[in-house]
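What the coordinates show
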Amino acid sequence: MSIFEDITAIQNIIYIVASILFISGIKMLGKEDTAVKGNFLSAFAMFIAVLVTIVFIVDPVILLGGILLGAIIGSTIALKVKMTSIPEMVALFNGFGGLATFLIAWSEYNSIPDNYFQYLLVMVTIYIGGVTFTGSLIAYGKLSEKLKVAKTSIVTKIFTTIFYGSILFLIFSILQPLLPALGFNFFTVLLAITLLGGIGFVLPIGGGDMPVVISLLNSFSGIAAAFAGLLLLNNVLIVAGSLVGASGLILTVIMAKAMNRSINNILFVGYASASKASSSEEQGEVSPINVADAFLILESASSVLIIPGYGMAVAQAQHVVRELGELLEENGTEVKYGIHPVAGRMPGHMNVLLAEANVPYDVLAEPDDVNPIMDSVDVAVVIGANDVVNPSATEEPGSPIYGMPIVEVHNAKTVFVLKRSMSSGFAGVQNPLFFKQNTRMLFGDAKESIGGLVSEFKD
Amino acid sequence: MEIYALLGFVLILSIYLGLELISKVPSTLHTPLMSGANAISGIALVGALVLSTDSNLQSAIAFLAVLFASINVFGGYLVTNRMLKMFKKK
């Protein structure tokens, strides 16, 4: 008996040590110089927390088998995945974490909760974990472009309705012990409607809003783990889960601010209803340019700012962009990259792509750094970005995107916009930048256009 | 119920600590931070390991919970590490 008590005490001490390591780890993860160490520290914390838990394991064959299989699957995916598919991979792993908490709560329900508070925790954990799971799967589908369902389609509407229904059913389930006995197994219904509701939660949200959704789902998986910790009376689960919940929440807020929209508007309204107010159907002369002329201007430029967007990711142009940047630098041009926080499909998407192409991170600048010096920039090269460089955000109070912080490229001496066509961006708003006097449109696939510039430089 | 009050206190304090710790993250690190935090949410593995395996159903649930939490942990940490290694100064 006393041996077991000793082990429990040691276990709790190790859990506290692990919690401290998680806290330091996530703090270090937020700084460039210490990020790698921070990740290692948190992995070590995970290792000791799991190790000390295995001591009490009831069924080693099943559970250790599960860890081994999970390790093989997880490592294989992580090491084989292409860096360009990182957004959907993070979404997928996040979903699996949610599923694990969903299953934990399910198992606890089967062991019959002792009191009402525990029952309440089971219901809430099931819901958050389940919604995180299927919501992340939908986000995975959308990010990998395997899933294409229009916001206005009937399927989306059905699932959205189920999502609202699932919230009502959750409330009903929470109150169920206080109500007269039912003729059906409400718990099975809750499991099913939660999973379907998660689909309905993410399905109507558009690709351009994915950075917010991914951050929010990440936060949810942390909160679900923290609730599971309350349920199992486990402090390391509570601390680690809360940290994840908080970091996800911060990223969600940063992303929403970068779009100047409320989280509510992003999740439940979308741009469609907001854009009715738009009056700017302004048209004008568009000045196209070809690769040869663009090269001549770039060659004589002394400072160039590159602004990448989702289009660069789609065209897989990051490697030729880096090559162009290097050639410009050899030519004596100062090259910087202006990265908007919501460019792409997840927080920091552009940073990852450029890092993959070996662009050093100290030439990557945020809008606040480049906007004040924009008038000294000779050429701003916009690669597949649209809404994040739309001057309506600063000049046109009626525009749906008015107030959104942008990279103010229209203040540069010359702007090149690389684009496939004149179509509007994700927000569905016309971009007056294309009609400005200092703007030249370089139509075509971004990779080919940049590749053309690169070969001009080499000749 | 006292234990819940205590653990609830730990919960609130940890969320506050998390918010304070990472309120200013450079945008370069948004993806690695998200991915690293995602790996930490795999701490559910610790919870999954103590689930009961009394019946076949319970064993199946526990096995799946351990399996998916492990994928989250291993996949999450390795992807984060791979990503961080790409970031470098000139």
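A brief look at the structure comes next. What you see is a predicted model, and the numbers here were worked out from it, not measured in a lab.

**Digging into helix α8 (residues 210-232) of chain A**
Taking 1.5 Å per residue as the helical rise, α8 of chain A with its 23 residues ought to reach 33 Å, and the 33 Å between its terminal C-alpha atoms agrees with that figure. Most of α8 of chain A sits out of view: 23 of its 23 residues are buried.

**Looking at the sheet that holds strand β4 (residues 379-383) of chain A**
All names here are of chain A. If you trace the six strands from one edge of the open sheet to the other, you get β3-β2-β1-β4-β5-β6, paired in parallel fashion. The open sheet has two free edges, formed respectively by β3 (364-365) and β6 (439-443), since each of these has just one partner strand. In the sheet, strand β1 (residues 303-308) pairs with β4 via five bridges, with the strands oriented parallel. Along β4, the bridge assignment pairs Ile306 with Val381.

**Considering unusual backbone geometry**
Negative phi is the rule for most residues except glycine; trans is the rule for most peptide bonds. Residues and elements named next belong to chain A. With phi around 55°, Leu233 is a residue other than glycine that occupies positive phi space. The residue Leu233 is located in the loop between α8 and α9 (235-258) in this model. Owing to 13 C-beta atoms within 10 Å, Leu233 belongs among the partly exposed residues under this scheme. Here Asn260, not a glycine, exhibits a phi torsion of approximately 55°, which is positive. Following the sequence through the fold, Asn260 ends up in the loop between α9 and α10 (263-269). Residue classification places Asn260 among the partly exposed residues on the basis of 15 C-beta atoms within 10 Å.

**With respect to the interface of chain B and chain A**
Facing 74 residues of chain B, the contacting portion of chain A comprises 95 residues. Every element with two or more residues in the side of chain B that touches chain A is listed here: α1 (2-21), α2 (30-40), α3 (44-49) and α4 (56-86) of chain B. Ranked by residues supplied to the side of chain B that touches chain A, first place goes to α4 of chain B with 28 residues. Its residues placed into classes, the side of chain B that touches chain A shows 47 nonpolar, 23 polar and four charged.

So, how was this worked out
- Residues numbered from 1 in each chain as written.
- Chains lettered and ligands numbered in written order.
- Predicted model: local features only at pLDDT ≥ 70, side-chain atom pairs only at ≥ 80, totals over all residues.
- Helix = DSSP H or I, 4+ residues; strand = E, 2+ residues; numbered from the N terminus.
- Expected span 1.5 Å × (residues − 1).
- Buried ≥ 20, exposed ≤ 12 C-beta atoms within 10 Å, placed from the backbone.
- Pairing = 2+ DSSP bridges.
- Contact = placed C-beta atoms within 7 Å.
- Nonpolar A, V, L, I, M, F, W, Y, C, P; charged D, E, K, R; others polar.

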